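The chain contents come next:
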Amino acid sequence: MTRFFSGNWNPYQMLFRLQDEINRVFDLADSSRPFLAEPGASFPRVNVYTTPDESVLRAEVPGVDLQDLDITVEGDTLTVKGTRKPDRDVPPERYYRCERGHGRFGRSVHLPHRVDAGKVKATLRSGVLEVRLPKAPEEKPRSITVKG
Amino acid sequence: MTKENERQVVRHERRVDLTPPVDIYDEGDKVILIADMPGVNPEALEVRYERGQLMIHGRQEDWSEYGSPVLSEFEIGDYRRTFTVGEDIDPAHITAEIKNGVLRINLAKVEARKPQKIAVTVK
């Protein structure tokens, strides 16, 4: 708060700032606005690990049902799309706090290998999606016999 | 897959503290609190009310991780957050459930604080 009392203190600026804050709160509370899809919003957050045989992706998708998830694999790219439904139709003025987003989301992840698309397995547990992506047969490491 | 790298459980050396994002709204006779806590199973959830404070704590499941990281956007840890509960909430009627990584708490209001229709006699 000290910045309000430095050098060129402008009481109007303080009011504008307050107005911005209030607008922001009401924007967030607007249940019709799908702000998960906003640029910069990284939803869902993902972790990817890779082994010689496969890659495993984990994504945090709390409150998303399996039927609202769309997982596609093409070559070396995995795309997770979906919709997070609003909890209920709550009018904005009834919110004390609104920090969770809802709406449509989508993420694409480039993997370090091509995927055997027919063998991809996905499970959803406690709001965490796990996708196991076996490497395409031609990508798997193989030992080469050296003839002496 | 060879036996060596098959689901080898690696305990996370460092668990981080996480703040779950919440929605709180008024439903007239109760207040609803919703918190995103992905990775928390019902048995790893603790909701406690003590002297006007509602404390939520959810321990994320330690999962097996193996191989080398390609993308790392989140860490494993404990969700914690404390809320101050007003006098209009009845502490005896707080219920909580967690499903799909989303915690939902119902905070019923004390009977006297529920919105009531009052007939006004105009003289």
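Residues numbered from 1 in each chain as written. Chains lettered and ligands numbered in written order. Predicted model: local features only at pLDDT ≥ 70, side-chain atom pairs only at ≥ 80, totals over all residues. Heavy atoms only, no water.

A. The packing of aromatic side chains, seen in detail. All names here are of chain A. A complete count under the given rule lists 2 aromatic pairs over all chains for this structure. An angle of 75 degrees between the planes, with centres 5.0 Å apart, marks the rings of Phe43 and Phe105 as edge-to-face. With a gap of 62 residues between them, Phe43 in the loop between helix H1 (11-29) and strand S1 (46-50) and Phe105 in strand S6 (residues 103-110) connect regions that are remote in the sequence. (Phe/Tyr/Trp six-rings, centres within 6.5 Å; stacked < 30°, edge-to-face > 60°. Helix = DSSP H or I, 4+ residues; strand = E, 2+ residues; numbered from the N terminus.)

B. Summary view of the sheet that holds strand S9 (residues 102-109) of chain B. The 5 strands are arranged S5(A)-S2(B)-S3(B)-S9(B)-S8(B) in an open sheet whose pairing can be described as antiparallel. Only two strands of the sheet have a single partner each, and these edge strands are strand S5 (95-98) of chain A together with strand S8 (89-99) of chain B. For this sheet, the mean angle separating the axes of adjacent strands, direction not counted, is 15 degrees. Here S5 of chain A runs beside strand S2 (residues 22-26) of chain B; their pairing, made up of 3 bridges, is antiparallel. (Pairing = 2+ DSSP bridges. Axes fitted to C-alpha atoms, helices over the stretch in contact; angles between N-to-C directions.)

C. Geometry of the sheet that holds strand S4 (residues 77-84) of chain A. All names here are of chain A. Read across the sheet, 3 strands follow the order S3-S4-S6 without closing on themselves; strand pairing throughout is antiparallel. Only two strands of the sheet have a single neighbouring strand rather than two, namely strand S3 (69-74) and S6. Geometrically, the sheet is characterised by an average inter-axis angle of 10 degrees between neighbouring strands, direction not taken into account. With 6 bridges joining them, S3 and S4 adopt antiparallel strand pairing. What sits directly across from Ile71, in S4, is Val80.

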